[in-house]
Amino acid sequence: MEYPFEVIEKKWQKKWQEKRVFKADDNSPKPKYYVLSMFPYPSGALHMGHVSNYSIGDAISRYKMMQGFNVMQPMGYDAFGMPAENFAIQHNSHPRLTTESNMNIMQDQFTAMGFGFDWDRKVATCTPDYYRWGQWIFKRLYEKGLVYKKSSFVNWCDECQTVLANEQVEDGSCWRCSSVVRQKEMEQWYFKITEYAEELLDFSKVIDWPERVMSMQKNWIGRSTGTEIDFKLEGSDEKITVFTTRPDTIFGVTFMAIPPEHPLSRRWLKEPTVEPKLVEFCEKVLNEDKISRSAEDTTKEGVFTGKYCINPVNGDKVQIWITNYVLMDYGTGAVMAVPAHDQRDFEFAKKYDIPMKMVIQNIEKTLVLEEMTAAYTEPGVLVNSAQFDDMESVASKTAISQWINEKGMGKETITYRLRDWGVSRQRYWGNPIPVIYCDKCGTVLVPDKDLPVLLPDNVQVGKTTNNPLLSVEEWVNCTCPECGGPARRETDTMDTFVDSSWYFARYADPKNENLPFSKEKAEQWLPVDQYIGGIEHACMHLIYARFFHKFLRDIGMVDCDEPFARLLTQGMVINMGSKMSKSKGNGVDPQEYIDRYGSDTIRVFMLFASPPEKDVDWNDEAVGGSFRFLNRVWRLIENNLDVIKTNNKLYNGDVTLSKQIAELRFSTHNMIKRWHEDIENKMQFNTAIAAIMEHLNCVTAIKDTSILTTDEKAVYAESCMMIVRLLYPFAPHICEELYEMTGNTGFVYEAGIPEFNPQYLVHDMMTVVVQINGKIRGKIDVPAGSDEETIKAEALNIDKIKTLLEGLEIKKVIVVQNKLVSIVAK
RNA sequence: GCGAAAGUGGCGGAAUUGGCAGACGCGCUGGACUUAGGAUCCAGUGGGCAUAGCUCGUAGGGGUUCAAGUCCCCUCUUUCGCACCA
């Protein structure tokens, strides 16, 4: 017989809703606890990843409710984005319709899973009352000089007709349609996230983040200290600035390398005397896609420009080459090439027969320039470096850098790998950028009172090769807010990562019509105490959100430094060793299993299968195991209703119990202790559940309760009820039902959090292991707390030990109280 | 190449201020009850052997220690992140 999960899950979902159990109260006197799981993209169905993610969040949330916190666990939808638009194109529909219908379907699934979300705080990023405030924040960023527009080369997908972020390009192809991505020069709006690079590297204000995520972000931001050095162009006052981390090699520069995108390259290409092969080369490189151009095995190529610059430290004439291996958007976009001491420059110089100059000699003084087959990049002693000769190369870095600074030839500086965030997207289904272009007034921001710039519905999605919004003429054409003359709207929309960069703050004050959220509400609820989501967001969403939060702090909207105090990155749900995906055909639909076993079983399986940050391997048979476990709990309570009902809470603690029942009491309190530790310290729900299973085994070993005394029945009743209460965060529906069946009123969490009694965790007798030379040879039971001498004597008195020790000399005996005796004998 | 994490039964995974390796679950084997079992219950389940016991065993090799999955050194493998970042 299976327990009636279908009936009871519906029943309790309804009750929770009726009693507003998960409503986060703005006026509660209880301390707040904000649990947040990353909101989903409304794809139309919850997948196993969501179920796993939200089962973790819900377990934490309900645990905190038991502890008496005023818990806020909100949920919403990351509802803008390209998939909806592409789907609409294919099915000749409208993104708004499909998105709304998808959100409705998912809402039903959320309900069926019974997750404890406060739906009154729901946020859907595609609604005007949400995206209005994204536009508002865009304007605040702009006012602070953190938004700018520039032309640069970006990843462009012809098929999808939009710019792609770097992470959306896989092996040179579009992640969605697999067509080849090319580089296209476009005007784009950028957020100056680099302004916050230094602070984003500082994690001292987070409480608990995975080391892994922090190091990924540090790596991504890529702080690098070095020196900027100015090289004057020959016969001109104009200069070309390089960034180098190796000022110690400055005397060894033999050429200058710049990319085709460099302003000087672009200027020289337009000169009438330009060599055709230079133009040809630049065109070739610029048309190459970013991925293959930057691949490690790409051959280094270049063309000499015929121009020279002057090395400021020694007046050397330096050839300027346009090359394919220098990046325009890192450092200054120009590299001083030192072939003798940089492998890339070495390869290039060899290929084009450019001179080399050795300026660092190894300690043994055995380096010969003509015999080098690779650049010498190790530390050494400076040579050919004027007054710096004989200086140790590492120490010379500072000395040379200071000297350069004093002479006004350059300065020490810090460069980041992190680039400014390009937020323009040439697509329809996103947040309109609140900008108007006027022939007279130039770029004008839409006044606050006119926000939001509404996304029009009557757009011809997919019918144009330009921005879809261009097709809505009555929307594009507008009047200039400043001069009242004719003007045009910006037709790019914002990257959807902008929408998700502040949603956690909107949940604190979701209905606010005057601001994104009030300062008071933000102070009340932020930071998020526990954030849960996938590791794949480590370098994107989680950096963007920290950036936004710090900006919002700087304009006085929030007062904490970090948005997410604790972060848990949950693993993926995989099937037969690989990630579930449609293309692999190994996806598993949660709904099928909700129907078969109920949501409590799915939750228990997810949480029990492995620790939350590890991948969960989906296993049909093991799910059945979780179901069996819940059935065993159900039967235990159902079969013992009388004993539990009449004896629960009767136990007064100070009575004699049979050995078995004393052991049962130990098991109960041991379970409570382990449950607390596993959840509180390690968030290891798998071992917390294992502790409950072990205890269940202990309870079910008692077959006949009729022979028990009243006190023993009370202990038994407690041992049963504790299962119901401790299982609650993981399998809430069945626990609410069992709690009610056993004569309780209200909800399980209202009973508070069970605490163990340390008194019941003390055993009278302890088993001590006896080792001879490290091997276990026997065991003894001794009264707890026996002194070392007694234990030692007991151990040496075991017949078997005596036999084994015959003819041996005891060198040493180590006694560890309550644990073991280790005898060293020869 | 650089950086990080990890390697424990047939499987998912427990156990680290060093102290009985394999908790809990899946699977498997045998049994009970059954017309039946994808139900339930009981027993067993790391390998080997001369099987009341002994012995080997936490990727491999060395070391420290009375005692090592846990600490130290070396090697291998896997996963993830970054990858011409000057």
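Asker: Provide a residue-level description of the overall build of chain A, including the pertinent values.
Answerer: Scanning chain A from N- to C-terminus turns up 27 helices and 35 strands. For chain A, the spread of C-alpha atoms along the three principal axes comes to 110 × 85 × 50 Å. Per-residue burial over chain A gives 55% buried out of 826 residues. Of the contacts made within chain A by residues no fewer than 6 positions apart, 72% connect residues no fewer than 24 positions apart. Counting every atom, chain A has about 36900 Å² of accessible surface; 49% of that belongs to carbon and sulfur. Seen as two clouds, the 95 positive and the 116 negative side-chain charges of chain A have centres 1 Å apart.

Asker: Could you give an account of the domain arrangement of chain A, naming the residues involved and the relevant values?
Answerer: When the domains of chain A are assigned, the result is domain 1 (28-136 + 497-576), domain 2 (223-416), domain 3 (594-761) and domain 4 (765-825). Relative placement of domain 1 and domain 3: their C-alpha centres are 32 Å apart. If you look at the interface, domain 1 gives 28 residues, while domain 3 gives 29 residues. Between domain 1 and domain 3, roughly 2500 Å² of surface is buried when both sides are summed, and carbon and sulfur atoms account for 68% of that area. Applying the counting criterion to the domain 1 and domain 3 interface returns two salt bridges. We note a salt bridge from Asp58 to Arg603, for which the minimum N-O separation is 2.8 Å. For the interface between domain 1 and domain 3, the tally reads 14 residue pairs in polar contact (both at pLDDT 80 or more). If you list the elements that add at least two residues to the side of domain 1 that touches domain 3, you get helix H2 (48-66), helix H4 (95-113), strand E28 (564-570) and strand E29 (573-575). Among the elements that line the side of domain 1 that touches domain 3, the one with the most residues is H2, at 13 residues. A breakdown of the residues in the side of domain 1 that touches domain 3 according to their chemical character gives 16 nonpolar, nine polar and three charged.

Asker: Outline the protein's contact with RNA strand B, listing residues and values.
Answerer: Near RNA strand B you find 60 residues, and of these Thr245, Lys300, Tyr330, Arg344 and Ala609 are the closest. Backbone sugar and phosphate groups make up 68% of those atoms of RNA strand B lying within 4 Å of the protein. Contact between RNA strand B and Lys682: a phosphate oxygen at 3.3 Å from a side-chain N or O atom of the residue. Within the side chain of Gln771, a nitrogen or oxygen atom sits 3.5 Å from a base nitrogen of RNA strand B. Residue classes in the surface near RNA strand B are distributed as 22 nonpolar, 14 polar and 24 charged.

Asker: Account for the pairing of strand E32 (residues 765-772), with residues named and values stated.
Answerer: Relative to strand E33 (residues 775-783), E32 runs antiparallel, the two sharing eight bridges. Note that in E33 the partner of Met765 across the bridge is Pro783. The turn joining E32 and E33, which pair antiparallel and follow one another in sequence, is formed by two residues; a positive phi near 50° is taken by Asn773. Across four bridges, the pairing between E32 and strand E35 (residues 820-825) is parallel. From the neighbouring strand, Ile772 faces E35, where its bridge partner is Ile823.

Asker: Please set out the pattern of salt bridges residue by residue, giving values where relevant.
Answerer: The final tally for this structure, using the stated rule, is 49 salt bridges. With its nearest N and O atoms 3.0 Å apart, the salt bridge here joins Asp118 to Arg121. For the pair Asp118 and Arg121, a shared accessibility class is recorded, and that class is buried. Close ionic contact of Arg223 with Glu198 constitutes a salt bridge, the shortest N to O distance being 3.0 Å. Highlighted residues: Arg223 in strand E10 (residues 223-233) and Glu198 in helix H6 (residues 197-200), separated in sequence by 25 residues. You can call Arg223 partly exposed: its relative accessible area is 41%. With relative accessibility at 37%, the residue Glu198 sits in the partly exposed group. Overlapping salt bridges, with partners in common, bring together Glu199, Lys205, Arg546, Lys550, Arg553, Asp554, Asp561 and Glu562 in one network.

Asker: Please provide a residue-by-residue account of the nonpolar core, values included.
Answerer: Membership of the largest hydrophobic core comes to 181 residues, with the highest contact counts inside it found for Phe191, Trp421, Phe504, Trp618, Phe629, Trp675 and Phe730. It is helix H24 (residues 710-727) that contributes the most residues to this core, ten residues altogether. Counting residues domain by domain, this core receives three or more from each of domain 1 (28-136 + 497-576) and domain 3 (594-761). If we ignore the near neighbours within four places in the chain, the residues touching Phe629 are Val604, Ile689, Ile692, Met693, Leu696 and Leu727. Within the second largest apolar cluster, 49 residues are counted, among which are Val253, Met336, Val338 and Met356.

Asker: Outline a negative patch on the surface, listing residues and values.
Answerer: On the surface, a cluster of negative charge is contributed by Glu6, Asp589, Glu592, Asp595, Asp620 and Glu621. Taken together, the elements giving at least two residues each to the negative patch come down to helix H18 (590-597) and helix H20 (620-639). Within the secondary structure, Asp595 is located in helix H18.

Asker: Which residues make up helix H25 (residues 732-741), and what are the values?
Answerer: Side chains three or four residues apart in an α-helix point the same way, a direct result of the helix having 3.6 residues per turn. Of all ten residues in H25, nine are buried, a share of seventy percent or more. Listed in full, the buried residues belonging to H25 are Pro732, His733, Ile734, Cys735, Glu736, Glu737, Leu738, Tyr739 and Met741. One or two residues past the end of H25 sits Gly743, with phi positive at roughly 90°.

Asker: Got a sec to walk through the packing of H20 against H25? Specific residues and values, please.
Answerer: Packing of H20 against H25 brings their axes to within 10 Å, and their N-to-C directions diverge by 5°. Judged by the angle between their axes, H20 and H25 are roughly parallel. Of the residues in H25, those in contact with Leu630, Val633, Trp634, Ile637 and Glu638 of H20 are Ile734, Glu737, Leu738 and Met741. Broken down by class, the residue content of the contact of H20 with H25 amounts to seven nonpolar, no polar and two charged.

Asker: Describe the sheet that holds E29, and please don't skip the residues or the numbers.
Answerer: Spatially, three strands are ordered E30-E29-E31 in an open sheet, and the strand pairing comes out mixed. With one partner strand each, in any of the chains shown, strand E30 (578-579) and strand E31 (616-618) form the two edges of the open sheet. In terms of strand pairing, E29 meets E30 through two bridges, oriented antiparallel. Bridge pairing in E30 places Ile574 opposite Lys579. Together, E29 and E31 form the strand contacts of helix H19 (residues 599-609), whose direction differs from that of E31 by roughly 130°.

Cut-offs applied
All chains use their own residue numbering, which begins from 1 and follows the written sequence. Throughout, the order in which chains and ligands are written sets their labels, letters from A for the former and numbers from 1 for the latter. Under the rules for a predicted model, residues below a pLDDT of 70 receive no local features and side-chain atom pairs below 80 are neither given nor counted, while totals for whole chains, interfaces and linings still include all residues. As a rule here, side-chain values cover all heavy atoms of the structure and leave hydrogens and water aside. For the purposes of this entry, the term helix denotes a DSSP run of H or I that reaches at least four residues, the term strand denotes a run of E that reaches at least two, and both are numbered from the N terminus. A simple rule labels every residue: compare its accessible area, found with a 1.4 Å probe on the protein chains alone, to the largest value its type can have, and call it buried under 20%, exposed over 50%, or partly exposed in between. Residue contacts are counted whenever heavy atoms from the two residues lie within 4.5 Å of one another. Areas reported as accessible are Shrake-Rupley estimates using a 1.4 Å probe. Residue values count occlusion only from the protein chains shown. Positive charges come from Lys and Arg, negative ones from Asp and Glu, while His and the chain ends are left out of the count. Where a charge sits is defined by one atom per residue type, namely NZ (Lys), CZ (Arg), CG (Asp) or CD (Glu). What counts as a domain boundary in this text is fixed by an automatic or database domain assignment. Once two parts are put together, the accessible area they lose, assessed with a 1.4 Å probe and summed over both, is termed the buried area. A pair is scored as a salt bridge if a Lys or Arg side-chain nitrogen falls within 4 Å of a carboxyl oxygen belonging to Asp or Glu. A 3.5 Å cut-off defines polar contacts: any pair of N or O atoms within that distance qualifies, except that in protein one atom must be a possible hydrogen donor and the other a possible acceptor, and neighbouring residues in sequence count only when both atoms are side-chain atoms. Note on residue categories: nonpolar means Ala, Val, Leu, Ile, Met, Phe, Trp, Tyr, Cys or Pro, charged means Asp, Glu, Lys or Arg, and polar means any other residue, Gly included. Neighbouring residues are identified by heavy atoms, a residue being near a molecule or strand if any of them is within 4 Å of it. Paired strands are those between which DSSP finds at least two bridges. Side-chain atoms within 4.5 Å link the members of a nonpolar core, which is a set of buried Ala, Val, Leu, Ile, Met, Phe, Trp, Tyr and Cys residues. Patch definition: residues above 30% relative accessible area lacking any salt bridge, with like charges linked at up to 9 Å and the nonpolar side chains Val, Leu, Ile, Met, Phe, Trp and Tyr linked at up to 5 Å. Comment: axis = line fitted to C-alpha atoms, over the contacting stretch for helices; angle = value between 0 and 180 degrees taken between N-to-C directions. Note on angle classes: values under 35 degrees are labelled roughly parallel, values over 145 roughly antiparallel, values of 65 to 115 roughly perpendicular, and the remainder oblique.

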